[in-house]
Amino acid sequence: GDYSSAFRYYTKAAELGDAEAQYTLSIMYDDGHGVEKDRGKEMYHLEEAAIGGHPSARYNLGIEELNNGHTERAVKHFIIAAAHGHDGSTKALMKMFKEGFVDKDDLAAALRAHQAAVNSAKSPQREAAEEYRRKMKSSN
């Protein structure tokens, strides 16, 4: 694809505060698509996306913290991402609960917040669109 043009547009959107654009820029810097790989810029945009409410960015920060041995910080990121409806974060929290890094009350609260976020995103129109997408995908 035309990564250079995409990079320019995502940069403009990020400057306007778009969390999805921040997240996409972090991926571009991680993969080196349209830009040179740059770990510092990748992390900057990932953090900005997380601050902007992007659940996958928050989850990825949790993974970063976990990989760097900062378990408590990782748990905090996973709890926030779960509260925004991120499924992977609930799985990470359940795994960390089994390993003794998350207590029962925090896990229960995170799972309730996750379910509330998922429920708030439901609508008949959304469900119809998802059903249509599944049908189209299976017909290909």
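Everything below is about the structure shown above.
This text gives an overview of the structure that appears in the document.

## Description of the packing of aromatic side chains
Inspection of the entire model under this criterion finds 2 aromatic pairs. Taken together, a centroid distance of 5.8 Å and an interplanar angle of 85° make the contact between F7 and Y29 edge-to-face. Here F7 is found in helix α1 (residues 3-15), whereas its partner Y29 is found in helix α2 (residues 19-31), with 22 residues between them in sequence. Both rings, one in Y59 and one in F78, keep their centres 5.5 Å apart while their planes meet at 40°; by these two values the pair is tilted. Taken together, the positions of Y59 in helix α4 (residues 55-67) and F78 in helix α5 (residues 71-83) put the pair 19 residues apart, joining distant regions of the chain. Y59 sits in the partly exposed class, given a relative accessible area of 22%.

## Here we look at the nonpolar core
Grouped together as the largest cluster of nonpolar side chains are 10 residues: A74, V75, F78, A82, A92, L93, M96, V102, L107 and A110. At the level of secondary structure, the elements contributing two or more residues to this core comprise α5, α6 (87-98) and α7 (104-120). At 4 residues, α5 tops the list of elements feeding residues into this core. Excluding residues that lie within four positions of it along the chain, M96 makes contacts with L66, T71, V75, F78, F101 and V102.

## Regarding the pattern of salt bridges
Tallying each qualifying case throughout the model produces 7 salt bridges. The salt bridge involving R39 is made with E42; its shortest N-O contact spans 3.3 Å. Of this pair, R39 and E42 both sit in helix α3 (residues 39-51), 3 residues apart, which is roughly one turn of that helix. Two residues, K95 and E99, come together in a salt bridge whose shortest N-O distance is 3.0 Å. Taking the relative accessible area as the measure of exposure, K95 reaches 52% and is therefore exposed. The class for E99 is partly exposed, based on a relative accessible area of 43%. Linked through salt bridges whose partners overlap, the residues forming this network are E130, E131, R133 and R134.

## Observations concerning the packing of α2 against α3
Helix packing geometry: the angle between the two helix axes and the distance between the axes. Interhelical geometry of α2 versus α3 gives an angle of 160° and a closest axis separation of 8 Å. Judged on the interaxial angle alone, α3 and α2 are roughly antiparallel. In the packing of α2 onto α3, the handedness of the crossing is left-handed. Of the residues in α3, those in contact with A19, Q22, Y23, L25, S26, Y29 and D30 of α2 are K41, E42, H45, L46, E48 and A49. For the contact of α2 with α3, a count of residues per class yields 6 nonpolar, 3 polar and 4 charged.

## Some points on the environment of D106
Relative to the helices and strands, D106 resides in helix α7. With 98 residues separating them in the primary sequence, D106 and R8 have C-alpha atoms 41 Å apart.

## Quick word on the side chain of E65
As for its placement among the helices and strands, E65 is situated in helix α4. Its relative accessible area of 12% is what places E65 among the buried residues. Non-local contacts of E65, meaning those with residues more than four positions away in its chain, are made with H70, R73, A74 and H77.

Calculation notes
- Residues numbered from 1 in each chain as written.
- Predicted model: local features only at pLDDT ≥ 70, side-chain atom pairs only at ≥ 80, totals over all residues.
- Heavy atoms only, no water.
- Phe/Tyr/Trp six-rings, centres within 6.5 Å; stacked < 30°, edge-to-face > 60°.
- Helix = DSSP H or I, 4+ residues; strand = E, 2+ residues; numbered from the N terminus.
- Buried < 20%, exposed > 50% of the residue type's maximum accessible area, 1.4 Å probe, protein only.
- Core = buried A, V, L, I, M, F, W, Y, C linked by side-chain atoms within 4.5 Å.
- Contact = heavy atoms within 4.5 Å.
- Salt bridge = Lys/Arg side-chain N within 4 Å of Asp/Glu carboxyl O.
- Axes fitted to C-alpha atoms, helices over the stretch in contact; angles between N-to-C directions.
- Parallel < 35°, antiparallel > 145°, perpendicular 65-115°, else oblique.
- Left-handed = near helix turned anticlockwise from the far one by under 90°.
- Nonpolar A, V, L, I, M, F, W, Y, C, P; charged D, E, K, R; others polar.

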